[in-house]
Structures are given as C-alpha cells and as structure tokens.
Amino acid sequence: MAPLGNGNSHRVAWRYRTGGSVISVAATADCRLIAAGSVDRFVYLLDRHGTLLWKAEQDNEVWATAISADGSLIIAGTARKNPAFGSINVLDRSGANCARAVLGAPVWSVAVHEKYVAATSWDGCVRVYEYLGGLLNELLCVHVGEKGVYGLTFVPCDLRSGRKLAVAAAVYEKGIAWIDISTGVVKYVLDDDGIYGMKSLRGGDVVAATRRGGATLYNAEGAIHRLPSWSSRPLCGISMSSNGLLISAGSFGGTLTVGTRAGDILWSFATDGEVWSCSMSDDGRWLCAGSGDKTIHFVENGCTASFAVDLLALEARLSETAASESTIEEFLDLCVMNGLAQYAAIKLRQILQGKPGFLQDLLVKLYQRHLEHNPEDRLMHLSLGELLKGKGEYQRAVQEFQRAAVDPILKVKALGHAGDCFAQLGLSVAARSCYRRARDADLATDEKRVLYNLARSYDENGLHAEAFAHYQLLIAVDVDYAAAWEKTELLGTGRGDFVASDIRRSDYTGITVGLLGPNAPRLRDMAEQLRPI
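No experiment lies behind these values; they were computed from the predicted model shown.

Participant: How should the overall build of the chain be read in this particular structure?
Facilitator: The helix and strand tally for the chain stands at 12 helices and 28 strands. Relative to its 533 residues, the chain shows a buried fraction of 56%. In the chain, the proportion of contacts linking residues at least 24 apart, taken out of those at least 6 apart, comes to 47%. Carbon together with sulfur atoms contributes 50% to the accessible area of the chain, which is approximately 22,600 Å² in total.

Listed below in structure tokens is the structure:
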C-alpha cells in the first residue's frame, strides 16, 4: 500500500498469527504494548513493531485481557464452558503469573486501574479485586444480569464533581450498570439495545458496542446518545481516542471500522473472521484488532484525532451558506490525500443537496482525484461510471465500468451499466454482448487481438457490416483496445454501403459466439432456407 497521506486512509503495519481465534486485545495508551488472548489458551504480549515479547499458557481458553497504564500488569480472564470454569490471572511484565482467582463460570471481560482489577462472568456477576502483595483480594461481587454481562470498564474518579472510582458493566438485557466501588451501590442506565464491548472516556462517559451494529454513548446521569449503525451485524469490540472524536469498532461481520463521534464512517478494514475486540491509541494513530481468523491485526491510521479536529472544522466552514471555492477545494484535497473520498461524497451530498448539478460536477472531480492515487479502486471506478452515465457521457462511463468489472463482485452490475451506455450510443451489438458477458468469463488478451484482427480484415475487404459488429463486440470488452472505438465510430457514421439488417448475416467465429452467447447462430449450422431469417 502507498504511504499514508498519499490517497490512503490507513495501512496494515503488521499481522501476528496465533493458534486460535483472538477474542481479546488490550493496549497501552500509545499502543507501545499489546496484550492479546486466544482460544489457544495463550496470552501474547507484543510491542508496537509486532515483535513477540512473550506468550504464556493459561489454564483454559483466554477470552479477556487488560493491561495497566504503565504496562507492568497484564490481566487474563479464562473460560471453559463444560464443566463451567473461569479464572482471573495477573501476569507481570515478564509474563510470570503473580496472582489468580478461580471462578465457577467463564470470564467474559476484565479491566485494570492502578491496584484494582475487575471482571464479569457468565454467572451474571461483576467482581472487583484489590491486587496487593501478590494476592487478589475480593472487594465486592454484584449480580447484575441474566443474559450476559459482556463488557466492563473502570470509570476514574473526578475530584471536581466528587465522583468516586466506579465500574461500568454492559448488562445485555438492561443497559449499563454503574457500580460504586466504595459502597457497592448499583445504578442502572436502562437500555435494551443489547450491549457488548465498552470503553470509558476521560469525562466519565462510556462508549459501548451494540447488537444493532452501532455505538452508543452513556453517562451516569442516564443520558444516551445513539450513533448510526455501522454494520448489519452486531458490534462487539470498541475503543475511542482520548479527545472523544474518533471511534473504532469491530463487528461480527469481520470488519474494523473507524468513524467520528457524530457516527460518520471514515474507513473500514476487512478481516477473515469476527473482530471480537479492538483498541485505539489515545491519539488515534494506532489500532489493534483481535479476529476470529486467529490473527492480531495492527493498523496505522492516517485519520488521527488531531486530523479529525481539522476535518470537522473544515466541514463547519463548508456548511456555511456561501462556502468559498477555496474552502471546497481545501476539503476535496484533504479528503483525497487521506483516502476519504467516500466520506467526502457523503458530506457533499448532505451539504449540497439543493444544488444537484454543482454536486454532480464536484463528485466527478472528487472521484477522479481519488483514482489518480488509487487506480485499483474498482468500486470507485463503478461510482464514477454511474456519475458519468447520469451526465450522459456514455463513452467515458463505459471506460469506468470496464475497469470496475475486473472485480468479480462488481462485474454483473458494471457490465449491465456498460450495456446501457452502449444502447444509448446506438451500438446494439456491444450492448447485447455486455448483458451476456455479465454472466460469462472475460476475454483474454490473445482473444481480443484475434477479434480486432478479424474486424479489421472484414473492414479491409469491404464487409463493413461484419466489421462494425465485431468492433462493437471488442469495445464491449475493452473500450481502449487499439483503435477499436474510433473504427466503430467511423463505421457507425455511415462508412460503407450496409444497413443494420446486414449484421445478422455475419458468420460469427467461436470467440464472437462466446461473447454473444449460446443462441448466436452460425451460418454453417443453419439450413439454407433459414439463413435470411
């Protein structure tokens, strides 16, 4: 991938493969150290460069991890479903086990804050311990839910407001349980959205991942702010930058997504398994994700927290009634250079919805600039083709649709659009070929050359109808091949004495039959009396 700031929003810095699904990752504030837990029963500690510092085997599958602010303590929660068992393990910086607490249920999540360790488990309980002298001393155990307590985070004390250290737990069927550590008093923020992972913010709020595929912000006073859904599948892991402007989330659909606090997606990254957990550095530059593909993914994010400040300020200027041309250009350049063309397109549509012509021209400019940096972005070629088709620029649109059709996923849609464009241009054979090729294999380079030479041979021998038809077949596959388009235009404007009905008399070769489909007739296979039909 090209360097960040050159049309790219993010890059994969490294991947580390474990022996099983990675259910949990936790990192220090600067992602200098990353702790990960896997169903292979190991806890892994890696540095920011992807170097394995150690791995330590535990008593069962590791479903939960946490790391202290200074990286000196790593907490691992283990799980066994039958017979039910779980344990909370404290490891030091070298990977040695320092303390252990055994539970009668699998551990779902753990958290650490200074000398305090907390955990949730399958029995619906939240437990808080004080770690002193190599021992975990249980301070409280509170039953908070029946259908799962999947997430947990410490909410630090606030001297100004008088708020004491608390634990916030994600109770699936109830909402958020706020537990005062000093008293054990539980206060609920009711929400039936179905909550999984959680992360506390400096101001005392928490952000949680939900089953509806979106994130929600909560505070102890009961305020709830739902963000738009990012995924059709539930979100499970979640994290946030220290300034609260960036959110990262993992989904059961296998994606790691980064977006703004307003709920706008900046970019997404796909893995080959469920993204159970993720962690973002305070400045938003680094992200790690644990996936069901047995891999720890470490990603550098070009859309950092400070970048988000500049982006949102520019958007505010852009939303003004009479935004200047220079502001628009600045916004386009900022988004293109940071790989945010799709994000920019969404924002432009929101801001300029009352100016469709101006909006369309800006989007064409935006997509073209993006493709200068990312020519292999097939989805963007498709989007640009759709814009050009809407503007009636059919030849340019066909070029983009053919580039998009290289992607097997986009092929049917792209070739269907290309067929529509050829039909608008009056090139019926090319249109027909595109519609059929939407379900057929692409034409190899050697076959293109044969088809081009065949068309040229027909043309040179005065068989202009046959040449016209074969050139159309070729441009339906590759509008830029040699001089096929120019020759098609030349023949289509009246060169040669032929009429459209003459085309059906062409004796199509094996290549052309493949392009037109199994119903294309061969003259030699037809009775003489049928040939004129």
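Participant: Please clarify how the sheet that holds strand β27 (residues 286–291) should be interpreted in this entry.
Facilitator: Think of a sheet as strands paired side by side through backbone hydrogen bonds, with each pair either parallel or antiparallel. Reading across from one edge, β1-β28-β27-β26 is the order of the four strands in this open sheet, with antiparallel pairing throughout. Single-partner strands in this sheet number two, and they are β1 (10–17) and β26 (275–280). Taking the axes of each pair of neighbouring strands and ignoring which way they run, one obtains an average angle of 20° across the sheet. One ladder, built from five bridges, connects β26 with β27; its direction is antiparallel. Looking at β27, one finds that S279 is bridged to C288.

Participant: Where do I start with the pattern of salt bridges in this structure?
Facilitator: On inspection of all chains with the given rule, the structure shows 23 salt bridges. The salt bridge partner of K389 is D420, with a shortest N-O separation of 2.9 Å. Residue K389 is located in helix α5 (residues 378–390), and its partner D420 is located in helix α7 (residues 411–424); the two are separated by 31 residues in the primary sequence. Overall, the relative accessible area of 29% leaves D420 in the partly exposed class.

Participant: Can you help me understand the packing of α5 against helix α6 (residues 394–404) in this one?
Facilitator: Running from amino to carboxyl end, α5 crosses α6 at an angle of 160°, the nearest separation of the two axes being 8 Å. Taken as axis vectors, α5 and α6 run roughly antiparallel relative to one another. Seen along the crossing, α5 lies across α6 with a hand that is left-handed. When α5 is examined against α6, the residues R378, H381, L382, L384, G385, E386, L388 and K389 are found in contact with a partner set consisting of Y394, R396, A397, E400, F401, R403 and A404.

Participant: Looking at this structure, how should I read the nonpolar core?
Facilitator: Taken as a class, soluble globular proteins show a tendency for nonpolar side chains to be buried jointly. Core analysis: the largest hydrophobic core is formed by 77 residues, its most contacted members being L266, L348, L366 and F422. It is helix α10 (residues 464–477) that contributes the most residues to this core, eight residues altogether. Each residue touching F422, except ones within four places of it in the same chain, is listed here: V398, Q402, L427, A430, A431, C434, I475, A476 and W485. Counting 18 residues, the second-largest nonpolar core is a separate cluster that includes Y116, L140, V142 and V167.

Participant: Quick question: what am I supposed to make of the packing of helix α4 (residues 356–373) against α5 here?
Facilitator: Between two packed helices, the angle of one axis relative to the other and the distance separating the axes together describe the packing. Contact geometry of α4 with α5 gives a least axis separation of 10 Å together with a crossing angle of 150°. Judged by the angle between their axes, α4 and α5 are roughly antiparallel. Remark: the crossing between α4 and α5 carries left-handed chirality. Packed against α4, whose contacting residues are Q360, L363, V364, Y367, Q368, H370 and L371, the element α5 presents M380, H381, S383, L384, L387, L388 and G390 at the interface.

Participant: Looking at this structure, how should I read the pairing of strand β2 (residues 22–27)?
Facilitator: Residues in a regular strand project their side chains so that they alternate between the two faces of the sheet. Of all the six residues making up β2, six are buried; the element is thus mostly covered by neighbouring parts of the structure. Both β2 and strand β3 (residues 33–38) contribute to a ladder of five bridges, which runs antiparallel. Its bridge partner being in β3, V22 is matched across the sheet by S38.

Participant: Can you help me understand α6 in this one?
Facilitator: Within an α-helix, residues lying three or four positions from one another point in the same direction, as the helix has 3.6 residues per turn. Within α6 the residues assigned to the buried category are A397, V398, Q399, E400, F401, Q402 and A404. Tucked inside the fold, the buried residues of α6 contact α4, α5, α7 and α10.

Participant: Help me understand the environment of G214 in this model?
Facilitator: Examined against the element boundaries, G214 turns out to sit in the loop between β19 (206–210) and β20 (215–218). For G214, a relative accessible area of 0% gives the class buried. Counting along the chain gives 35 residues from G214 to A249, while the straight-line C-alpha distance between them is 8.8 Å.

Participant: I'm lost on the environment of I23 in this one. Help?
Facilitator: Checked against the element boundaries, I23 lands in strand β2. Judged by its relative accessible area of 17%, I23 is buried. Residues I23 and G237, 214 residues apart in the sequence, show an inter-C-alpha distance of 9.5 Å.

Conventions we followed
- Residues numbered from 1 in each chain as written.
- Predicted model: local features only at pLDDT ≥ 70, side-chain atom pairs only at ≥ 80, totals over all residues.
- Heavy atoms only, no water.
- Helix = DSSP H or I, 4+ residues; strand = E, 2+ residues; numbered from the N terminus.
- Buried < 20%, exposed > 50% of the residue type's maximum accessible area, 1.4 Å probe, protein only.
- Contact = heavy atoms within 4.5 Å.
- Areas by Shrake-Rupley, 256 points an atom, 1.4 Å probe, with all protein chains shown as cover.
- Pairing = 2+ DSSP bridges.
- Axes fitted to C-alpha atoms, helices over the stretch in contact; angles between N-to-C directions.
- Salt bridge = Lys/Arg side-chain N within 4 Å of Asp/Glu carboxyl O.
- Parallel < 35°, antiparallel > 145°, perpendicular 65-115°, else oblique.
- Left-handed = near helix turned anticlockwise from the far one by under 90°.
- Core = buried A, V, L, I, M, F, W, Y, C linked by side-chain atoms within 4.5 Å.

Scope: geometric values only; no functional claims are made or implied.
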